[in-house]
Amino acid sequence: MQHLDELYHSIIREHNKNPLNYFKNEDVTHKIEAYNPLCGDHFHLYFDMHDNRITNLSFHGYGCAVSKASASIFTEKMNGLTLDEALSLYERFYACAVEGKETGIKDFLPFQVASKFPGREKCASLTWESFKEYVDRLK
Amino acid sequence: MQHLDELYHSIIREHNKNPLNYFKNEDVTHKIEAYNPLCGDHFHLYFDMHDNRITNLSFHGYGCAVSKASASIFTEKMNGLTLDEALSLYERFYACAVEGKETGIKDFLPFQVASKFPGREKCASLTWESFKEYVDRLK
Amino acid sequence: MITIEEIRKEFPLLEGLNQDGCKLVYLDSAATTQKPRQVIEQLTNYYTTTNANIHRGTYDLAEKATRDFEKTRTQIQQFIHAEKPEEIIFVSGTTEAVNLVADSYVEPILNAGNEIVVSAMEHHSNLVPWQQLCLRKNAKMQVLPMNEQGEIRLEKLADLLSGKTKLVAVSHISNALGTINPVKEIVSIAHEYGVPVLVDGAQNAGHHRTDVVDLDCDFYAFSGHKMYGPTGTGILYGKEKWLEQMRPYRYGGEMVKAVRFEKSSFKELPHKFEAGTPNIAGVAGLQAAVAYIENLGIEYISEHSYALLNYATEKFLQIRGITIIGQAASKSGIISLTAKDIHPHDMSTFLNEYGIAVRAGHHCSLPVMEFFKIPGTTRISFGIYNTTKEIDYLVQCIEKAIKYFA
Amino acid sequence: MITIEEIRKEFPLLEGLNQDGCKLVYLDSAATTQKPRQVIEQLTNYYTTTNANIHRGTYDLAEKATRDFEKTRTQIQQFIHAEKPEEIIFVSGTTEAVNLVADSYVEPILNAGNEIVVSAMEHHSNLVPWQQLCLRKNAKMQVLPMNEQGEIRLEKLADLLSGKTKLVAVSHISNALGTINPVKEIVSIAHEYGVPVLVDGAQNAGHHRTDVVDLDCDFYAFSGHKMYGPTGTGILYGKEKWLEQMRPYRYGGEMVKAVRFEKSSFKELPHKFEAGTPNIAGVAGLQAAVAYIENLGIEYISEHSYALLNYATEKFLQIRGITIIGQAASKSGIISLTAKDIHPHDMSTFLNEYGIAVRAGHHCSLPVMEFFKIPGTTRISFGIYNTTKEIDYLVQCIEKAIKYFA
Ligand SMILES: Cc1ncc(COP(=O)(O)O)c(C=O)c1O
Ligand SMILES: Cc1ncc(COP(=O)(O)O)c(C=O)c1O
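Keep in mind that what you see is a predicted model, and the values were worked out from it rather than measured.

Quick look at the overall build of chain C now. Broken down by element type, chain C carries 15 helices and 15 strands. Relative to the globule expectation of 22 Å for 406 residues, the C-alpha radius of gyration of chain C, 22 Å, shows essentially globular dimensions. Dimensions of chain C, computed from the C-alpha atoms along their principal axes, are close to 70 × 55 × 35 Å. By the burial criterion, 69% of the 406 residues in chain C qualify as buried. In chain C, of all internal contacts separated by at least 6 residues, the share reaching a separation of at least 24 is 71%. Carbon and sulfur atoms provide 49% of the accessible area of chain C, an area that totals close to 13,200 Å².

This is how it looks when you write it as structure tokens:
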């Protein structure tokens, strides 16, 4: 069971059961769709951006424990960051969840394990990648 | 070598080297093309037919020892037969060369063996089959 | 009577242990079946005693390879009760078989405004080829609906058929739901309108009796790897009258009679559709698979599938929180389920830790998931080697998962 | 240095005895090669330890199967020195690879009056697809001629190229004549006119170094079974820029991203072109074949082929009545010959009685036979396992045949 608990770390299970900032909010300046048709995961991300600063993040939708927890943490960690700060946080998340590197950010740790599970490579990064793609298109 | 000699029976080798009625003859009532693109065998059969009687048979072209000998024997055996007689002789040749049955016709015997050799099923029957197809279309 | 333990011994992969020293509980046979020793050994046997390119070889080895290949054609003809060996075309799988019919039969006769009918529960392989063909031709794909149990609404079929309809394409058994469709009735109704029917038999062949003459279907497609045979093999059955009039699918060696730079002529059936060197070893393995199935007896295999289905269904109905997706009256050994709000990927990852292999997701049937308004299911599917003990273990583990994710 | 005896021991079929207790003298490797133990065992290994359907599996077995499959893609990318693994498409063989390019690349851009250039020595698989496409589209197939030695007349190429030309399709090595074509020069000339080039590498891959970047070809097609690998496998290499813009070849599972009844979206390269369950076991076997080749060293294999070619050619030139068809300056280990007026089928039947397997006929290259005004040839082709002793024996037997039929 150790193996499983590594993936479904208490952080992930907690965020999955009680996700933070989990509500629709059409009243924002930006709305992003994060969709992976292969596994059916489908979230909407909501946030305001004024003067390149991101606030009021929330999300809503459907996904596995890992993707949901990851979205929850995304909305928490990104709040109040400038676009540049957000992108550099994305890089650190990517290093951890996709490349399996140490980043020193405690909340990212459980996602390091996720990418090693069969077929679960993309769960952790879904919302983060969608955000990155969206922002790249903004530029 | 017995095996080989069964196929290349003296009758076949003799007819191959010195085929009977081996000449072009455009001066006849009927001319048939016998062609097997898979092995390149290509003969023309020439004959006259008056009052349903076949005469003046000859052939010309290119083929393996078996198909050439078979064509040679064809021109010899068919000469002077009525169409009905020719068709019944065809049936006997078919029984021998394709179905491997005994027919009592000594000259047909070597062809019984031919059909058992790898990839040589159609050599013996090429001219005979072409004749049959042609005659069927005449009717 | 052969016991299940004896059967299991024939499947080397199931006998092996995984890295944790556990035996694998393989419940994903709808994706691909495991292979019996006889099939695996046949591949070795082919390559060590027979390997040669087929057709037109004038030496013993090529002759033997060709004879075996063509014997398998006849064996498969008899296996699916087709009338003639020429009606059996070797392809690489169900997907290629469907694409072949789309390209060579339907494409030339499909005009703008024409229609193709598919069912609401098709695998992408029997859906996307028709959809794309219709888009290209300005034709219309009509969908034969299903009900909440996951059964085709047969009474709607006649409404969809008309002089504009060029084909009905329907699966014999849904890989996502397990539903066994009333194919014979569908064929009979379609034929009243003069419309030919292609049956996607991927989940039926090798698991239940297949009789194309009794069904009277016009085309029947299936894959070797889903019936205990090798990957890269498959069959398209077609009625001779259609195959005769169809143009070739691919061009190349083995399917031509004469070739000039200006034009070519093509061989007779079935070779017209078999361009290039086929999967000769694969076909040898398929021969062994069919022999294996016939030796066990298709009735026996079919009964086993029903027995496991019934046993498992009953167990699942007792677990609070489990919903079985697809509750048709007539089903094969395939069960799709959802467990509370546990995502299928979390469920399958959890089960994998206990050595259980099940499939999670949409099972190449996205429109089916959309119909049931779910993103996916956990799918359990049975093979001849599965046991009720494995099902008991699965049920235990699913209960654990429900607790774990609670 | 590995000896030829050690190599032969790796090929179980060559070690076996035929019904007369003789070892087989296999000289038909251009049709298909024999398989080393490593390849045969890999198939068994795959089915006994790894078998599962690939992509989207969330259990260990499927993960391993998928990882191995994709690793083979990368291995093949490196084997042919392509830039990216996405440029490697798994297909069932050369014939399918050529048809894929015809359907997905050329068909959409070929208009009436456009042209496709093929060489005069193409295998039917790299000729008939272009011919039929041109006939359907009212386009014109131009033939790049060859000389009496069986060499492409390179100086004629520029005359055939123009703004109307959409593709040049040419074999790397002619299977009928053994000629090694100046593919790099052909590509360079064609590119001056902005015309992409498809190279049929069926006779080159695995026998001589293959470097698609050095050749700068746009497409490269080859078959697994001709390079010591399994039947039912093959590769289409394509430059990413072309593959990206090409439409899918077949539709079905594994190649779609999202599917609605109204429309679908397709996956990225390379999966866009790989609909349905691929020949997973075959690809595992191909992996072993490439590893086998790389372990021996392609230079070593290539040298062996030249050595046998030169040895045999010299011997044949000494036999009165033998004519070698195809006397190009640059040749691979393939020799086509005629012996007096002995029909090739009589020759091969005769040799078969002595345990020698050679091919007789037109070798799927009817226009080549027409050019030389012969109905066919006896073709001897070498693999890594052939020896000069076998050639001596062959020469003896051919001399006997000439006497026998005299
Ligand atoms: C030059 C050449 N091209 C194409 C092919 C066709 O290959 P396959 O039959 O494996 O599709 C062959 C083999 O016969 C060949 O030698
Ligand atoms: C019902 C059904 N049709 C078609 C297919 C496609 O089969 P293959 O991938 O072997 O071509 C499958 C298998 O996934 C299936 O279950």
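Here the narrative resumes, following the displayed structure.
Residue and element names in this part refer to chain C. One can read the domain layout of chain C as domain 1 (4-35 + 298-397) and domain 2 (40-295). Distance between the C-alpha centres of domain 1 and domain 2: 27 Å. Taken together, the contact pairs 40 residues of domain 1 with 33 residues of domain 2. Both sides together, the interface formed by domain 1 and domain 2 hides about 3,000 Å², and carbon and sulfur atoms give 58% of it. The largest contributions to the domain 1 side of the interface with domain 2 come from Lys35, Ile298 and Phe371, which together make up 19% of the buried area. Between domain 1 and domain 2 we count zero salt bridges in total. Mapped onto the side of domain 1 that touches domain 2, the elements with two or more residues apiece are helix 12 (298-317), strand 12 (334-339) and helix 14 (366-371). By residue number, the principal contributor to the side of domain 1 that touches domain 2 is helix 12, which donates six residues. Here the residues of the side of domain 1 that touches domain 2 are counted per class, giving 21 nonpolar, 14 polar and five charged.

Before going further, it helps to examine the arrangement of the chains. Looking at the five pairs of chains with contacts, the pair that accumulates the most is chains C and D. One finds no contact between chain A and chain B; the C-alpha atoms of the two approach each other to within 49 Å at their closest.

The end-to-end C-alpha distance of helix 15 (residues 388-404) of chain C, which contains 17 residues, comes to 24 Å, matching closely the 24 Å that a straight helix rising 1.5 Å per residue would cover. Residues of helix 15 of chain C that are buried include every one of Glu390, Ile391, Leu394, Val395, Cys397, Ile398, Ala401, Ile402 and Tyr404 of chain C, and no others.

Grouped together as the largest cluster of nonpolar side chains are 148 residues, with contacts concentrated most on Ile384 of chain C together with Ile384 of chain D. In this structure Ile384 of chain D touches Ile4, Ile7, Phe11, Tyr228, Tyr292, Leu296, Tyr300, Ile301 and His304 of chain D, once residues within four positions along its chain are discounted.

Between chain D and chain C, the residue contacts involve 90 residues of the former and 90 residues of the latter. Around 6,900 Å² of area is buried between chain D and chain C when both sides are counted, 56% of it from carbon and sulfur atoms. Inspection of the chain D/chain C interface yields four salt bridges. We note a salt bridge from Glu96 of chain D to Arg250 of chain C, for which the minimum N-O separation is 3.0 Å. Between the two partners, chain D and chain C, sit 47 residue pairs in polar contact (both at pLDDT 80 or more).

Moving on, we come to the sheet that holds strand 8 (residues 234-238) of chain D. Adjacent strands of a sheet pair through backbone hydrogen bonds, lying either parallel or antiparallel. All names here are of chain D. Reading across from one edge, 2-8-7-6-5-3-4 is the order of the seven strands in this open sheet, with mixed pairing throughout. This sheet does not close on itself; its edge strands, each paired only once, are strand 2 (88-91) and strand 4 (140-144). Here the average twist between neighbouring strands, direction ignored, is 20°.

A word on the relation of the copies chain D and chain C. With an RMSD of 0.0 Å, the operation that places chain D on chain C is a rotation of 180° combined with a shift of 0.0 Å along the axis. As the rotation angle and translation indicate, the two copies are arranged about a two-fold axis. Of the C-alpha atoms belonging to chain D, the one lying closest to the rotation axis is found on Gly232 of chain D, 3.2 Å away. When the interface residues of chain D are mapped onto chain C, 100% of them again fall at the interface, so both copies present the same face.

A separate point is the side chain of Ser332 of chain C. Residue and element names in this part refer to chain C. Assignment of secondary structure puts Ser332 in the loop between strand 11 (322-325) and strand 12. Residue classification places Ser332 among the buried positions, given a relative accessible area of 5%. In this structure the side chain of Ser332 is engaged in a polar contact, spanning 2.8 Å, whose partner is the side chain of His208.

Cut-offs and rules
- Residues numbered from 1 in each chain as written.
- Chains lettered and ligands numbered in written order.
- Predicted model: local features only at pLDDT ≥ 70, side-chain atom pairs only at ≥ 80, totals over all residues.
- Heavy atoms only, no water.
- Helix = DSSP H or I, 4+ residues; strand = E, 2+ residues; numbered from the N terminus.
- Rg over C-alpha atoms; globule rule 2.2 N^0.38 Å.
- Buried < 20%, exposed > 50% of the residue type's maximum accessible area, 1.4 Å probe, protein only.
- Contact = heavy atoms within 4.5 Å.
- Areas by Shrake-Rupley, 256 points an atom, 1.4 Å probe, with all protein chains shown as cover.
- Domains from an automatic or database assignment.
- Buried area = accessible area lost by both parts, 1.4 Å probe.
- Salt bridge = Lys/Arg side-chain N within 4 Å of Asp/Glu carboxyl O.
- Nonpolar A, V, L, I, M, F, W, Y, C, P; charged D, E, K, R; others polar.
- Expected span 1.5 Å × (residues − 1).
- Core = buried A, V, L, I, M, F, W, Y, C linked by side-chain atoms within 4.5 Å.
- Polar contact = N/O pair within 3.5 Å; in protein donor to acceptor, adjacent residues only side chain to side chain.
- Pairing = 2+ DSSP bridges.
- Axes fitted to C-alpha atoms, helices over the stretch in contact; angles between N-to-C directions.
- Least-squares fit on C-alpha atoms with pLDDT ≥ 70 in both.

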